[in-house]
Amino acid sequence: MKIMFALAMSICLLINYAVSAIPKPDEKRVLDHDPLSHVQHYQNDEHNKQYDHEAFLGEDAKTFDQLEADESRRRLGLIVDKIDGNQDGFVNLSELKAWIQYTQRRYIDDDVNRQWKTHNPNNTEKVHWDTYRKNVYGFLDELASQETDHPSDEHFSYREMMKRDRRRWSIADRDGDDELTREEFTDFLHPEESSHMRDVVVMETIEDIDKDSDGKVSVEEYIGDMYRQPEHDEEEPDWVKHERETFSNFRDKNKDGFMDDQEVKDWITPADFDHAEAEARHLIYEADSDADEKLTKDEIIEKYDLFVGSQATDFGEALTRHDEF
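Quick caveat: nothing in here was measured; it's all calculated off a predicted structure. (Residues numbered from 1 in each chain as written. Predicted model: local features only at pLDDT ≥ 70, side-chain atom pairs only at ≥ 80, totals over all residues. Heavy atoms only, no water.)

### Regarding the pattern of salt bridges
Scanning the model with the defined rule gives 24 salt bridges in all. Residues D208 and R164 are paired through a salt bridge, measuring 3.1 Å at the closest nitrogen-oxygen approach. In this pair, D208 is assigned in helix α10 (residues 198-209) and R164 in helix α8 (residues 153-172), connecting sequence segments 44 residues apart. For the residue pair D208 and R164, the accessibility class agrees, reading buried in each case. K265 serves as the salt-bridge partner of D199, at 3.5 Å between the closest nitrogen and oxygen. Note that D199 is positioned in helix α10 and K265 in helix α13 (residues 261-268), a separation of 66 residues in sequence. (Salt bridge = Lys/Arg side-chain N within 4 Å of Asp/Glu carboxyl O. Helix = DSSP H or I, 4+ residues; strand = E, 2+ residues; numbered from the N terminus. Buried < 20%, exposed > 50% of the residue type's maximum accessible area, 1.4 Å probe, protein only.)

### Considering the packing of aromatic side chains
Going through the model one piece at a time under the given rule, you end up with 14 aromatic pairs. Seen in terms of ring centroids, W99 and Y102 are 5.2 Å apart; in terms of plane orientation they differ by 45°. Their pairing is tilted. Separated by three residues within a single helix, W99 and Y102 lie in helix α5 (residues 93-119), roughly one turn from each other. Between the aromatic rings of Y227 and W239, the centroid separation amounts to 5.8 Å while the plane-to-plane angle is 90°, which identifies the pairing as edge-to-face. (Phe/Tyr/Trp six-rings, centres within 6.5 Å; stacked < 30°, edge-to-face > 60°.)

### Side note on the nonpolar core
Within the largest apolar cluster, 37 residues are counted, with the highest numbers of intra-cluster contacts made by Y132, W169, F185, F188 and V264. Membership of the second largest hydrophobic core comes to 19 residues, among which are V80, I83, I300 and Y304. (Core = buried A, V, L, I, M, F, W, Y, C linked by side-chain atoms within 4.5 Å.)

### Considering the UniProt feature "domain: EF-hand" (unreviewed entry) in the protein chain
Within this structure's numbering, the places UniProt gives as "domain: EF-hand" (unreviewed entry) are residues 71-106, 160-195 and 197-232. Secondary structure content for residues 71-106 is 75% helix and 0% strand, while the C-alpha to C-alpha distance between its ends is 23 Å. A helix fraction of 50% and a strand fraction of 6% characterise residues 197-232, whose end C-alpha atoms lie 42 Å from each other. (UniProt positions renumbered as here; feature names shortened; annotations may be inferred.)

### Let's talk about the environment of R198
Within the secondary structure layout, R198 lies in helix α10. On the basis of relative accessibility, which here comes to 26%, the residue R198 falls in the partly exposed class. Considered as a pair, R198 and I268 are 70 residues apart in the sequence and their alpha carbons are 9.5 Å apart.

### So, the environment of D288
Position of D288 relative to the elements: it lies in the loop between α14 (275-287) and α15 (297-302). Here the alpha-carbon distance between D288 and E299, two residues eleven residues apart in the chain, equals 6.6 Å. Filtering out sequence-adjacent residues up to four positions away, D288 remains in contact with E293, K294, L295 and E299. Polar contacts involving the side chain of D288 include one to the main-chain amide nitrogen of D292, which spans 3.0 Å. (Contact = heavy atoms within 4.5 Å. Polar contact = N/O pair within 3.5 Å; in protein donor to acceptor, adjacent residues only side chain to side chain.)

### Some thoughts on α14
Taking 1.5 Å per residue as the helical rise, α14 with its 13 residues ought to reach 18 Å, and the 18 Å between its terminal C-alpha atoms agrees with that figure. The set of residues buried in α14 consists of H275, A276, E279, A280, H282, L283, I284 and A287. Where α14 begins, one side-chain oxygen reaches toward the backbone nitrogen of A276, 3.0 Å away; that side chain belongs to D274. (Expected span 1.5 Å × (residues − 1).)

Written out as structure tokens, the structure reads:
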């Protein structure tokens, strides 16, 4: 993440703590609905392979996206050997699901480890809110002394994010001592992974989408979160029309024209839906050429572009795990 700021000192401070939980002020969502990828699986009714890459590889998708095709296939073959737990020459649904869960857990663990070291360099048992606030938002204190009575919109956005982080911190703080253990800190950074944090996920989602601040989500706000109406009066794409129907027929369960807290919760954290299993089933369906509901190494490598791809991206510096490859 690169955060541009007017004052040089502030830029330095922000870059130093870009690994923190805060997003840029203009980001639309603090949390992504889907734990497997930051992109949508289907965009404009078209399958987005980048979703599959991130679900299958986790952070290593950044590396694979920049590899030549032959090297992608070679590394994919090594991964397949790891996924095939019983070494029977096939990857079945349970093995693929377990791998996807592993890559997601690895991403979370790596992120928590990185930020725990940043905010708790002495590795004490807990991190206090004041320490975290100073590390991430301390630049606001200095800016406050330099500003007039009318702070900039950008500064205001960071203050609003600090308030949101403060609320999320308090909910993650189970014993109420204003300090977070490593487990509580994990809940703070990744509330979508913790059942007792689901309500704050819903609150933040509504706050992001609810443009008129009436505490609920209209169909226009729902559509506006994924589609920007063009300036000219153009006909909406079919996928947008489909999303309007989805809102009316499935999202808005009480048919009052809005999504309330519970309906938003059902939308972003649906009960009895396993993201990892759904993605594993999708990958098997796409790559299973002989329809035996399991994959050989050859079938996976034949569809290497589905699993790992090989295209230039602007993700930035690639992360390479030399121990695996």
